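Given next are the chains, with one letter for each unit.
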Amino acid sequence: MEVFELGPALLFCPGDRPERFRKAAERADAVILDLEDAVAPDAKGAARDHIAASDLDPARVVVRVNAPDTAEFEDDLAMLAGSPFRTVMVAKTEDPSALDAFDASFSLIALCETARGVSAAAAIAAHDRVAALMWGAEDLIASLGGTSSRHADGRYRDAARYARSRVLVAAGAHGKSAIDAVHIDIEDVDGLAAEAADAAASGFRATACIHPGQVATIRAAYAPDADALAWARAVLAAAEGERGVFRFRGRMIDEPLLRHARSVAARGA
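Since we're looking at a predicted model, the values are computed, not measured.

A count of helices and strands for the protein gives 11 helices and 10 strands. Taken against the 2.2 N^0.38 rule, which gives 18 Å for 269 residues, the C-alpha radius of gyration of the protein at 19 Å falls within 12% of a compact globule. If you line up the protein on its principal axes, its C-alpha atoms span 65 × 40 × 35 Å. At a minimum sequence separation of 6, the contacts of the protein that also span at least 24 residues come to 61%. Computing the positive centroid from 30 side-chain charges and the negative centroid from 41, the protein places the two 6 Å apart.

Attention now goes to the UniProt feature "binding site: substrate" (unreviewed entry) in the protein. In the numbering used here, UniProt assigns the "binding site: substrate" (unreviewed entry) feature to R64 and E113. A maximum C-alpha distance of 13.3 Å places the annotated residues, which cover 50 residues in sequence, within one compact spot. Lining the second largest pocket, out of the annotated residues just given, are R64 and E113. Once residues within four sequence positions are removed from consideration, R64 is found in contact with F12, I32, L33, D34, L35, E36, D37, A38, M89, A91 and L111. With respect to the element layout, E113 can be found in the loop between β5 (107–112) and α4 (115–119). Setting aside residues no more than four positions away along its own chain, E113 makes contact with E36, A91, K92, G136, D139 and L140.

The contact between helix α2 (residues 44–53) and helix α3 (residues 72–81) brings their axes to 10 Å, and the two run at 20 degrees. It follows that α2 is roughly parallel to α3 by the angle criterion. Regarding α2 and α3, the two cross each other, and that crossing is right-handed. Contacts between α2 and α3 involve K44, R48, I51 and A52 on the former and, on the latter, E72, D75, D76 and M79. Here the contact of α2 with α3 is built from residues that sort into three nonpolar, no polar and five charged.

This brings us to the pattern of salt bridges. Under the criterion given, the structure shown has 18 salt bridges. The salt bridge involving D34 is made with R64; its shortest N-O contact spans 2.7 Å. Of this pair, D34 sits in strand β2 (residues 30–34) while R64 sits in strand β3 (residues 61–65); the two residues are 30 residues apart in sequence, bridging distant segments of the chain. The exposure class of R64 is buried, given its relative accessible area of 8%. Put simply, R64 and E36 hold a salt bridge, and the shortest N to O gap is 3.4 Å. Highlighted residues: R64 in strand β3 and E36 in the loop between β2 and α2, separated in sequence by 28 residues. Three or more residues are tied together by salt bridges with common partners; here these are D34, E36, D37, R64, K92, E113 and D139.

Each aromatic ring pair is described using two quantities: the centre-to-centre distance and the angle formed by the ring planes. Taken as a whole and assessed by the stated rule, the structure comprises four aromatic pairs. When the ring of F102 is compared with that of F106, the centres are 5.4 Å apart and the planes differ by 70 degrees; the resulting orientation is edge-to-face. For F102, a relative accessible area of 1% corresponds to the buried category. Judged by centre distance (5.2 Å) and plane angle (65 degrees), the rings of W135 and Y156 are edge-to-face. On the criterion of sequence distance, the pair formed by W135 in strand β6 (residues 130–135) and Y156 in the loop between α6 (137–143) and α7 (158–173) is long-range, its members being 21 residues apart. Residue W135 is classed as buried on the basis of its relative accessible area of 0%. Of the aromatic side chains, those joined through ring pairs into one cluster are F73, F102 and F106. Across from the ring centre of Y156, 3.9 Å away, lies the NZ or CZ of R150, which sits over that ring.

Conventions adopted
- Residues numbered from 1 in each chain as written.
- Predicted model: local features only at pLDDT ≥ 70, side-chain atom pairs only at ≥ 80, totals over all residues.
- Heavy atoms only, no water.
- Helix = DSSP H or I, 4+ residues; strand = E, 2+ residues; numbered from the N terminus.
- Rg over C-alpha atoms; globule rule 2.2 N^0.38 Å.
- Contact = heavy atoms within 4.5 Å.
- Lys, Arg positive; Asp, Glu negative; His and termini not counted.
- Charge placed at Lys NZ, Arg CZ, Asp CG, Glu CD.
- UniProt positions renumbered as here; feature names shortened; annotations may be inferred.
- 1 Å grid on protein atoms, 1.4 Å probe; cavity = no way out; pocket = protein on both sides within 12 Å on 5 of 7 lines; lining within 4 Å.
- Axes fitted to C-alpha atoms, helices over the stretch in contact; angles between N-to-C directions.
- Parallel < 35°, antiparallel > 145°, perpendicular 65-115°, else oblique.
- Left-handed = near helix turned anticlockwise from the far one by under 90°.
- Nonpolar A, V, L, I, M, F, W, Y, C, P; charged D, E, K, R; others polar.
- Salt bridge = Lys/Arg side-chain N within 4 Å of Asp/Glu carboxyl O.
- Buried < 20%, exposed > 50% of the residue type's maximum accessible area, 1.4 Å probe, protein only.
- Phe/Tyr/Trp six-rings, centres within 6.5 Å; stacked < 30°, edge-to-face > 60°.
- Lys NZ or Arg CZ within 6 Å of the ring centre and 35° of its normal.

If you want it as structure tokens, here you go:
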């Protein structure tokens, strides 16, 4: 499975709002057409019809389907089978065997957003159809019987921070990408910027969002600043004439730091 690469800003769009599909796709690096939480139960059938009729570029579309243990899941699969869309986000993934419902033509983003899903993150990441893992804070806390994923100052509570880290590490351990959760406070631009910058520095490949106004902030956070990019390119150039550990601009450089530099250079390409 190739590494999941659509770009850093992935924008959710309700599947029952087809008038928003094209604009969402134009504003973000990819659009996530949602059949799950963003769509009322009595509108899910219409949402499937709208997605099936969409002429968006399949390479920039993710379809989020309902959880495998729901009655809606089979209908979602049937719709996808007749559509051109092959990148699918599976809501509330908890059991990797449930992903066997998808054939090898699909590339899956497993959404680990319950206590069971987070606990099984490593096994889910090992599934050969999974290209990426994403985590979700609000459903996780709800699955634990909690009431809020964040403190009053906006910081994640420890349970959410643990889940975020566990999903990131599980994805990395199996060579898969990790996607950071949405920032639901649309007005909190500074909080989103800090969170997305931390996500990029920690190794997440993308951040999902719920409003087009969040896209620019996420893109800026994932793009390395000019100084970081210049340093990365310079140290990689210097490494071409070195063997093993070497000194560069007052710092000792070894392979882990070169890998950091390669990641920065890749984001700046």
